[in-house]
Amino acid sequence: MRVLVTGGAGYIGSVMVRMLHSHEHDVLVFDNLSKGHRSAVGEAPLEIGELTNLEDITRVCESFLPEACMHFAAHSLVDESVRDPLKYMRDNPVGSLNLARALCECGCRYLVFSSTCAVYGVPEKVPITEDEKTEPINPYGASKLLIEQALSELAKRGVLSFVSLRYFNAAGADVENDLGEDHQPETHLIPRVIKAALGIEQSAVIYGNDYPTSDGTCVRDYIHVVDLCKAHLLALDYLKGGGDSLILNLGNGNGFTVKEVVDSVKRVSKKDFQVRVESRREGDPPILVASSEKIRSKLKWAPSYTDIDQIVETAWIWHSRHPEGYGD
Ligand code: UDP
């Protein structure tokens, strides 16, 4: 299949591009390289452009004629979204709707969309099922929810079919293909703690130890990037097979506290380092853990990495090999 991958130079998108290649798909990457890395794209053709510019994406769709699209490109940082809500509430929906329009105009009907557990806000029940209320507490989650609502409306009117995957915390590295997480600046927990273990940062930081959890630190569901991309492939097959549009959680169903993640990095790296506690980060719900029952039954998906040390180990290997990331 001809598959357009927006954000294919980014952390998750680049792993997806390799996986699509190895499954014999014909891939085109569309990325603005604002956060992605050219070298992470590998051999795949890359078109540089802005999704917020309808002409850029229309031109690419008209010449590539994709049969399906995986849409990773977005602003995706909770704390940045709190500081700059307009950037998120404008660019994420506008970019996605431009993409939907360009896809439909060239006859492409299948879309796998990267959504987020941030659409739930502070859930009433954990593990979170897809019918939990959606009341995001940050603009990032609100922007993704808006897109899901637009896609649902388009699907209802027969314009396209989509699978929206509500990611929990993507983590780890694709060691086989030498692809990992490199954000500038890095805000995510696992790479930041690993940087402390490597001596690149003076200490690891825990944002808040007064949450209503077992040790006072936030609980998250960490899902390995390779497992996450496998779910996208299954979603593509599902859509190709004529499946109805779906919204699915994508997490392991296991929660780990920030302190447990820090301990895991200490075990895996066999390094000790300083850990500092700072105040809570705005926009962070205390506990986000997926119920993964629906995705297991609808897509026959199951994660291979369920243990936090296994996930952290792949990240540790990649960061040890690439202390400066992709170096671009
Ligand atoms: N976190 C932390 N220290 C850091 C980075 C993150 O304590 O250096 C916490 C953050 O407050 C959240 C969890 O780790 O509770 C996961 O944050 P991350 O940014 O990795 O992902 P998010 O949940 O925001 O998507």
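Figured I'd write up the structure that's included with this text. (Residues numbered from 1 in each chain as written. Predicted model: local features only at pLDDT ≥ 70, side-chain atom pairs only at ≥ 80, totals over all residues. Heavy atoms only, no water.)

**Things to note about unusual backbone geometry**
This is how the line gets drawn: Numbering of helices and strands runs from the N terminus; a helix is a DSSP stretch of H or I covering at least four residues, while a strand is a stretch of E covering at least two.
The peptide bond linking Val-126 to Pro-127 adopts the cis configuration, its omega dihedral lying at -5 degrees. Looking at where Pro-127 falls in the secondary structure, it is placed in the loop between strand E5 (110-116) and helix H5 (139-156). Gln-184 connects to Pro-185 through a cis peptide bond whose omega is -5 degrees. A positive phi angle, near 50 degrees, is found at Leu-65, a position not held by glycine.

**Side note on the packing of helix H4 (residues 85-105) against H5**
A packed helix pair is summarised by two numbers, namely the angle formed by the two axes and the spacing between the axes. In plain terms, the rule: A fitted line through C-alpha atoms serves as each axis, taken over the contacting stretch for helices, and the angle formed by two N-to-C directions is quoted from 0 to 180°. Throughout this description, any angle smaller than 35 degrees is read as roughly parallel, any larger than 145 degrees as roughly antiparallel, any in the 65 to 115 degree range as roughly perpendicular, and the remainder as oblique. The hand of a helix crossing depends on one turn: near helix anticlockwise from the far one by less than a right angle means left-handed, and clockwise means right-handed. Residue contacts are counted whenever heavy atoms from the two residues lie within 4.5 Å of one another.
Following both chains from N to C, one finds H4 and H5 inclined at 25 degrees, their axes separated by 8 Å at the closest point. Comparing the axis directions of H4 and H5 gives the class roughly parallel. As for how H4 packs across H5, the hand of that crossing is right-handed. Counted together, Pro-85, Tyr-88, Met-89, Asn-92, Pro-93, Ser-96, Leu-97 and Ala-100 of H4 and Pro-139, Tyr-140, Ala-142, Ser-143, Leu-146, Ile-147, Ala-150 and Leu-154 of H5 form the full contact between these two elements.

**Details of the side chain of Thr-6**
Formally: Accessible area is worked out with a 1.4 Å probe on protein chains only. A residue is then buried under 20% of its type maximum, exposed over 50%, and partly exposed in between. By the criterion applied in these results, polar contacts are pairs of N or O atoms within 3.5 Å in which, for protein atoms, one can donate a hydrogen and the other can accept it, and in which residues neighboring in sequence qualify only through two side-chain atoms.
Secondary-structure assignment places Thr-6 in strand E1 (residues 2-6). For Thr-6, a relative accessible area of 0% corresponds to the buried category. A polar contact is formed between the side chain of Thr-6 and the backbone nitrogen of Ala-73, at a distance of 3.2 Å. Ignoring anything within four residues of it in the chain, the contact list for Thr-6 reads Phe-30, Leu-51, Cys-69, Met-70, His-71, Phe-72, Ala-73 and Leu-99.

**Describing the site of the ligand**
Test applied: Note on definitions. A residue lies near a molecule or strand when any single heavy atom of the residue is within 4 Å of it. Accessible surface is estimated by sampling points in the Shrake-Rupley manner with a 1.4 Å probe; for residues, cover comes only from the protein chains shown.
As a structural note, the neighbourhood of the ligand is formed by 15 residues, with Leu-189, Val-205, Tyr-207, Arg-281 and Asp-284 the closest of them. Residue Arg-220 places a side-chain N or O atom 3.1 Å away from an oxygen atom belonging to the ligand. Here an oxygen atom of the ligand sits 2.6 Å away from a polar atom, N or O, in the side chain of Asp-284. Isolated, the ligand exposes 510 Å² of accessible area, and the fraction of that covered by the protein chains is 90%. Contributing elements (two or more residues each) for the shell around the ligand: helix H6 (189-197) and strand E8 (203-207).

**A closer look at the packing of H6 against helix H8 (residues 258-269)**
Defined as follows: In this count, Pro and Cys sit with the nonpolar residues alongside Ala, Val, Leu, Ile, Met, Phe, Trp and Tyr, while Asp, Glu, Lys and Arg are called charged and the others, Gly among them, polar.
In contact at an axis separation of 10 Å, H6 and H8 are set at 45 degrees when each is read in the N-to-C sense. Taken together, the axis directions place H6 and H8 in an arrangement best described as oblique. Relative to H8, the crossing made by H6 is right-handed. Of the residues in H8, those in contact with Leu-189, Ile-190, Val-193, Ile-194 and Ala-197 of H6 are Val-258, Val-261, Val-262, Val-265 and Ser-269. Counted by class, the contact of H6 with H8 contains nine nonpolar, one polar and no charged residues.

Functional significance is not addressed by these values, which are geometric in nature.
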